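# Geometric and topological summary
In case you want the letters, here they are:
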Amino acid sequence: MLMTTNTLWTPVVSENLAALADLSATDAQLLVELETFAMAIAPAFQNAVFSRLGPYLLYVSPMEYELGKNALEKWFIHLFRNAQTAGKSFPRESSRTSTPPLHRKSGIPLRYLFCLQEVIFLYGKRVTLNSHNPERAFSAFQKVLGLEFAFNQVYEELYISHLSELMLDD
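Residues numbered from 1 in each chain as written. Predicted model: local features only at pLDDT ≥ 70, side-chain atom pairs only at ≥ 80, totals over all residues. Heavy atoms only, no water.

When its secondary structure is counted, the chain shows seven helices and zero strands. Walking the chain from its N terminus toward its C terminus, one meets helices and strands in the order α-α-α-α-α-α-α. The buried share among the 170 residues of the chain stands at 38%. Counted over contacts in the chain with a minimum sequence separation of 6, partners at least 24 positions apart contribute 87%. Looking at the chain as shown, the accessible area adds up to about 10200 Å², and 58% of this sits on carbon and sulfur atoms. (Helix = DSSP H or I, 4+ residues; strand = E, 2+ residues; numbered from the N terminus. Buried < 20%, exposed > 50% of the residue type's maximum accessible area, 1.4 Å probe, protein only. Contact = heavy atoms within 4.5 Å. Areas by Shrake-Rupley, 256 points an atom, 1.4 Å probe, with all protein chains shown as cover.)

So, on to the nonpolar core. By size, the foremost hydrophobic cluster in this structure holds 39 residues, and its most contacted members are F45, V49, W75, F76 and F80. Of all the secondary structure elements, the ones that give two or more residues to this core are helix 2 (25-32), helix 3 (35-53), helix 4 (62-81), helix 5 (110-115), helix 6 (117-128) and helix 7 (134-168). Broken down by element, the residue count for this core peaks at ten residues, all from helix 7. Every residue in contact with V49, bar those within four places of it in the chain, is listed here: L72, I108, L116 and V119. (Core = buried A, V, L, I, M, F, W, Y, C linked by side-chain atoms within 4.5 Å.)

To continue, consider the pattern of salt bridges. Within this structure, the stated rule accounts for five salt bridges. Its salt-bridge partner being K143, residue D27 comes within 3.5 Å of it at the nearest N-O pair. Taken as a pair, D27 in helix 2 and K143 in helix 7 lie far apart in primary sequence, 116 residues in all. Between R52 and E118 there is a salt bridge; the shortest N-O distance is 2.7 Å. With a gap of 66 residues between them, R52 in helix 3 and E118 in helix 6 connect regions that are remote in the sequence. (Salt bridge = Lys/Arg side-chain N within 4 Å of Asp/Glu carboxyl O.)

Taken by themselves, the reported measurements are silent on function.
Printed below as a string of structure tokens:
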């Protein structure tokens, strides 16, 4: 049976996707403890991503390029630094000033990040190998990355809903 409505699903504003992803406080703490390692690896991560993206960039000014690279590094570090809050707080439908997902500041479309998941996992694995429990830390990293992508979807849904409301108000 094909579902055509969202009536069976929890409203976006009341979701706790971290619980759905089974991200425990212990898992999140493992990632937070690895922030300094993430900071050390972030430049190599953004170089790997941008070397793959190079042929697909139509035009980017040098300033935009540097800002995008810096934002991508911050996003990678954010996956570790903010692991404890991943998926727990979403912009409320009533909040029209919500901040877009951090990767957006890099200017990289989400579809490219999906295509580059193996690069993201490779560098996430390099960081998590420094944990006292590397397997669990890498599993936690995968969960946080999934939550980051889910958060992006929530942001998009709320944004489209807001635009629809604006158009209907005319």
